[in-house]
Structure formats: structure tokens, C-alpha cells
Amino acid sequence: MAASQKVGELSPQTVIRLETLQNPENEDGPPAKKSVSHFKVEGILRESAREKSIFVQGKLDEQEAIIILEKTPITQAVVPELLLSTQVLEMKNDIYSTYHLQPPPNLNEIKTTVICPATEKHFKKYLRQEVFLIEETEDDYQSITRPYIITKGLSVEWVNNILEKKSEADRIIFDDPDPQFGFILIPDFKWDQKQMDNLHLIAIVYPPDLKSLRDLTSYHLPLLINIREKGLKAIAKRYNIPASKLRVLLHYQPSYYHLHVHFILLDYDAPGCGAERAHLLSDVIQNLQINSNYYRKHTFTFPLLANDALLSKFKEAGRF
Ligand code: GTA
């Protein structure tokens with residue numbers, strides 16, 4: 001399927017671009033592309049008028065699937081063309097009036113993310129639900145969290161595909177191939193790269209044994225400093241955005257347990273930037289400089305969704 005195609009069933013004027021589609025039958029090759037027009041809607045996991053997005057559950061060629069549809073931000077560059085669109089006056093009152101613009105397809109794109117085959121964990125992750133704060137001591141990590149993420153964590157096959165250049169190789173912004181201190185900098189799949197307003201990249205580390213912030217000691221300082229320096233430099237060079245406009249952070253808990261660092265535009269209020277989940281890379285570096293075992297010993301506070309299996313493990317252990 002071409003990168004862009006018309007999908008009549010969803011909206012006659014919508015141009016849909018497939019981001020990523022994992023294909024378990026083709027593990028060595030690049031992800032296969034299937035047509036989203038075959039998607040059968042079964043239910044809505046979540047919708048947000050504020051974020052102008054909807055998370056849809058259904059079947060794609062008989063496989064469980066999730067499709068995320070998101071309206072993309074309007075940039076200054078497209079405003080003149082947008083205002084030439086067909087317009088329908090909705091109402092006029094004194095100095096106030098509202099219109100419906102009907103823009104041409106190129107100005108009416110919907111960013112579409114497909115997860116197929118989607119697992120139970122994906123459905124739980126995207127379903128709107130209550131959130132609770134958990135406190136995780138060093139002992140809790142060893143006895144509850146670590147066993148859970150080793151056996152039940154979300155697959156990081158997509159990460160391996162990036163590191164092995166089997167997927168998204170043409171999207172790599174920067175590659176430092178050092179096996180100990182190296183990383184790949186790549187656009188996050190939530191960012192369509194069409195506008196800078198929601199710039200979001202991730203640095204994925206080459207060392208395979210680092211699951212999260214919990215595993216870091218002062219031994220990893222050269223890796224972290226390398227990511228900060230070279231990552232910021234690469235973003236400044238490619239996008240002309242200085243370090244002072246970027247939020248560089250790690251999540252705890254992350255969704256995917258292969259260490260990665262987020263680079264997010266400061267002005268963009270991205271999900272996961274709150275104090276309960278985000279740890280600035282600069283703070284992480286300083287904490288490790290002061291105390292090599294800081295993150296091994298630290299009691300982390302983080303949010304978990306009501307139906308997250310990890311929350312059940314904390315309940316079973318009498319820790320929640
Ligand atoms: N380049 O194949 C991929 C890929 N995958 C599978 C995930 N990512 C990928 N990037 C590339 N290729 O930012 C990205 C994710 C995420 C990062 C992992 O890797 O987009 P994390 O482990 O710290 O976990 O980061 P995080 O931030 O929780 O992950 P995620 O998946 O973004 O979930 C956070 C919440 O964001 C979700 O629960 C959801 O509610 C919300 N969200 C809002 N909009 C979207 C959207 N369009 N797509 C996904 N999630 C969204």
C-alpha cells in the first residue's frame with residue numbers, strides 16, 4: 001500500500017497515512033502494511049475532544065487491532081490556503097460569526113496509528129480508566145515489579161527492529177553505534193514531523209540490558225551524557241531548536257522496558273510530562289553523580305492505571 005491512500009469508509013475526504021504495523025509472520029523483514037479500510041470497528045476505548053483524538057478497538061483482517069485517529073495541529077504556513085476553502089456560515093451575531101471550512105484533502109489529514117495484532121495489554125493501556133499513585137521501594141522493585149516486567153512487559157520487538165535497522169531506518173535522525181554508550185535518535189511515532197509544535201523524538205540506547213531508570217548507576221553516566229550532548233546537537237542541527245526549548249526526560253514506569261530518553265518541545269504539553277512520571281535527564285545525571293546507587297535505592301512514586309496487571313501485583317503483595 002502506498003504511504004498515503006484514500007479510505008472511503010472512514011471519511012470521504014480523509015487521507016490516511018499508516019505509521020507502523022507489526023507483522024509477526026514476517027519478523028525479519030520490515031513491518032507489513034495493510035489497508036486500514038478493512039478495519040471493523042467494535043468499540044471506542046477512549047476519545048478526547050481536547051486532544052481531538054479517538055482510540056478505536058476492532059478487527060483488521062480478523063486480527064485484534066487498535067486504531068488511533070488524531071487531527072493534526074494547524075500551522076501558520078497552511079492558514080492562507082485553508083481560508084480559501086469552501087466555507088459555510090454557521091451563525092452571525094453582531095461582531096461574531098462562525099463558519100465551517102471544508103478544506104481540500106491535503107489540509108485535512110488525520111494521523112493514524114495502527115497496532116495490529118493488538119494484545120490485551122494494549123487494550124488496557126489505551127482504555128480510559130482511573131489512575132492511582134503507587135510507591136515502589138527498592139524491595140518492591142525486586143520482588144514485584146522486576147519479575148512482572150521480565151515476564152509480562154509489553155514486547156520491545158519494535159525497539160529491536162529500530163536498533164537492527166529492520167524498521168524505520170529511513171527515519172533515523174542520529175546514530176552513535178557505540179555498543180556501550182551509543183544510541184539511535186528517531187522521531188517518536190506520535191509525532192508526524194509535519195509541524196514543529198508537537199516535536200517529539202526518542203533516543204533508544206544500544207546496550208540491551210538496561211530496562212529503565214531503575215537499572216542506572218554512575219557507570220552509565222557516559223551513556224547519559226552522550227545522549228544529552230549528541231541528542232541536543234542533532235536536534236539543533238536538523239530542526240534548529242535549541243536545548244533551552246527542549247524537555248529531555250525519562251518515564252518511570254515506562255510503557256516499554258528498553259531504556260529510552262524522550263526529547264519533547266518545551267511548549268508542547270505532551271502526555272507523560274507530569275511530575276508523577278517524568279524525570280529530567282539533567283536531574284538523573286546529577287543524582288547519579290552525587291550517588292551511584294541513587295536509582296537503585298530510590299522509592300519511586302508513579303501512576304498506574306486501574307486495570308494494570310502491575311497494580312494487581314502490588315495489591316496481592318499488600319503494598320496498595
Ligand atoms: N518511533 O514503533 C514505534 C513506537 N512504539 C511502538 C512506541 N513508540 C514508538 N516510536 C517509534 N516507533 O512515546 C514510542 C511511544 C512512546 C515511546 C515509549 O515510544 O510513542 P515510554 O515507554 O516512556 O511510554 O515511551 P509512554 O510514553 O507511556 O508510551 P505511550 O505509548 O506513548 O503511552 C502514553 C499515553 O499517551 C498512552 O497511554 C495514551 O493515552 C497517550 N496517547 C495520546 N495520543 C497517543 C497516540 N497518538 N499514540 C499513542 N498513545 C497516545
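Here the structure is a predicted model, which means the values were calculated and not measured. (Residues numbered from 1 in each chain as written. Predicted model: local features only at pLDDT ≥ 70, side-chain atom pairs only at ≥ 80, totals over all residues. Heavy atoms only, no water.)

**A look at the overall build of the chain**
Rules: Working definition: helices are DSSP H or I runs of at least four residues, strands are E runs of at least two. Numbering for both runs from the N terminus. Using a 1.4 Å probe on the protein chains alone, a residue whose accessible area is under 20% of its type maximum counts as buried, one over 50% counts as exposed, and one in between counts as partly exposed. The contact rule is simple, with two residues in contact once any of their heavy atoms fall within 4.5 Å. Method for areas: the Shrake-Rupley scheme with a 1.4 Å probe, in which residue coverage is limited to the protein chains shown.
Helix and strand content of the chain: eight helices and 16 strands. Counting all 320 residues of the chain, 44% fall into the buried class. Taking as baseline every contact in the chain between residues at least 6 positions apart, the subset at least 24 positions apart corresponds to 64%. Surface exposure of the chain reaches about 16900 Å², of which carbon and sulfur atoms provide 52%.

**A word on the nonpolar core**
Filter applied, for reference: Residues belong to one nonpolar core when they are buried, are Ala, Val, Leu, Ile, Met, Phe, Trp, Tyr or Cys, and are joined through side-chain atoms within 4.5 Å.
The biggest cluster of nonpolar side chains holds 45 residues, and the ones touching the most others in it are L185, L201, I227 and F263. No other element matches the eight residues that helix α5 (residues 221–239) contributes to this core. Each residue touching L185, except ones within four places of it in the same chain, is listed here: I172, I173, F174, L201, I202, A203, G231, A234, I235 and F263. Grouped together as the second largest cluster of nonpolar side chains are nine residues, V159, I172, I186 and Y206 included.

**Quick notes on the pairing of strand β7 (residues 96–102)**
We count it as follows: Here, any two strands with at least 2 DSSP bridges between them count as paired.
The sheet contact formed by strand β6 (residues 86–93) and β7 spans seven bridges and is antiparallel. Bridge pairing links V88 to H100 in β7. Connecting β6 to the next strand, β7, in antiparallel fashion are two residues, including D94 with a positive phi near 55°.

**Describing the packing of aromatic side chains**
Going by this rule: Working definition: a ring pair exists when centres of Phe, Tyr or Trp rings (six-membered ring for Trp) sit within 6.5 Å. Plane angles under 30 degrees give stacked, over 60 give edge-to-face, the rest tilted. A ring has a charge above it when a Lys NZ or an Arg CZ is no more than 6 Å from the ring centre and no more than 35 degrees off the ring normal.
The full count for this structure, using the stated rule, is nine aromatic pairs. With a centroid separation of 4.7 Å and 70° between ring planes, the pair formed by Y294 and Y295 is classed as edge-to-face. Residue classification places Y294 among the partly exposed positions, given a relative accessible area of 27%. The ring of F55 is capped by R46, whose NZ or CZ atom sits 4.9 Å from the centre of that ring.

**Notes on the confidence of the model for the chain**
Counted only if it meets this: You can read pLDDT as the predictor saying how much it trusts each residue, on a scale of 0 to 100.
Here the chain averages 89 in pLDDT, while 89% of its residues score no lower than 70. Low pLDDT (under 50) marks residues 1–32, which in the prediction has 69 contacts with non-local residues, meaning those over four places away or in another chain.

**Points about α5**
Rule in force here: To estimate the expected span of a helix, subtract one from its residue number and multiply by 1.5 Å.
Look at α5: 26 Å from first C-alpha to last across 19 residues, which is about the 27 Å you get at 1.5 Å a residue. Those residues of α5 hidden inside the fold are in contact with β10 (174–176), β11 (183–187), β12 (200–205), β13 (246–251), β14 (260–265) and α6 (281–290). After α5 finishes, the residue N240 shows a positive phi value of roughly 60°.

**Regarding the UniProt feature "active site" (unreviewed entry) in the chain**
Stated formally: UniProt positions are given in the numbering used here, feature names are shortened, and annotations may be inferred rather than shown by experiment. Under this definition, polar contacts are N or O atom pairs within 3.5 Å; protein pairs additionally need one hydrogen-donor-capable and one acceptor-capable atom, and for neighbouring residues in sequence, both atoms have to be side-chain atoms.
Residues given the UniProt feature "active site" (unreviewed entry) here are H260. Positionally, H260 belongs in strand β14. Judged by relative accessible area, H260 falls into the buried class, the value being 12%. Look past the residues within four positions of H260 in its chain and what remains in contact with it is I202, A203, I204, L250 and P254. Of note is the side chain of H260, whose polar atom sits 2.7 Å from the backbone oxygen of H258.

**Brief notes about the packing of α5 against α6**
Two quantities define a packed helix pair, namely the angle between the helix axes and the distance between the axes. Stated precisely, the cut-off is as follows: Between the N-to-C directions of two axes lies an angle of 0 to 180 degrees, each axis being a line fitted to C-alpha atoms and, for a helix, fitted only over the stretch in contact. Throughout this description, any angle smaller than 35 degrees is read as roughly parallel, any larger than 145 degrees as roughly antiparallel, any in the 65 to 115 degree range as roughly perpendicular, and the remainder as oblique. Handedness of a crossing is defined here by the sense of rotation of the near helix relative to the far one, left-handed for an anticlockwise turn of less than a right angle and right-handed for a clockwise turn.
Viewed as axis vectors pointing N to C, α5 and α6 meet at an angle of 155°, and their least axial separation amounts to 10 Å. When the interaxial angle is binned, α5 and α6 end up roughly antiparallel. Note that α5 runs across α6; the crossing there is left-handed. Here L221, L224, I225, I227 and R228 of α5 lie close against α6, whose contacting residues are L281, S282, V284, I285, L288 and Q289.

**Quick look at the pairing of β12**
Each regular strand displays side chains that alternate between the two surfaces of the sheet. In terms of burial, β12 is largely enclosed, as six of its six residues are buried. Judged by which residues are buried, β12 turns out to be covered on both faces: H200, I202 and I204 on one side and L201, A203 and V205 on the other are all buried. Strand direction decides the pairing type here: β11 and β12, joined by five bridges, are antiparallel. Counterpart to F183 in the pairing with β12 is V205.

**Remarks on the packing of helix α3 (residues 138–152) against helix α8 (residues 309–316)**
We count it as follows: Note on residue categories: nonpolar means Ala, Val, Leu, Ile, Met, Phe, Trp, Tyr, Cys or Pro, charged means Asp, Glu, Lys or Arg, and polar means any other residue, Gly included.
Running from N to C, α3 and α8 cross one another at 145°; their axes reach a closest spacing of 10 Å. The handedness of the crossing between α3 and α8 comes out as right-handed. Every residue of α8 that contacts α3 at D140, I144, T145 and Y148 is listed here: A309, L310, K313 and F314. Per-class residue counts for the contact of α3 with α8 are five nonpolar, one polar and two charged.

**Description of the sheet that holds strand β15 (residues 278–280)**
The six strands are arranged β10-β11-β12-β14-β13-β15 in an open sheet whose pairing can be described as antiparallel. What marks the edges here is a single partner per strand, and that holds for β10 and β15. With strand direction ignored, the average angle separating the axes of adjacent strands in the sheet is 30°. Sheet topology places β13 next to β15; three bridges connect them, and they run antiparallel. Counterpart to L250 in the pairing with β15 is H279. In the packing of α5 onto the sheet, contacts are made with β10, β11, β12, β13 and β14, and the angle to β11 comes to roughly 40°. Here α6 sits on the sheet in contact with β13, β14 and β15, set at roughly 65° to β15.

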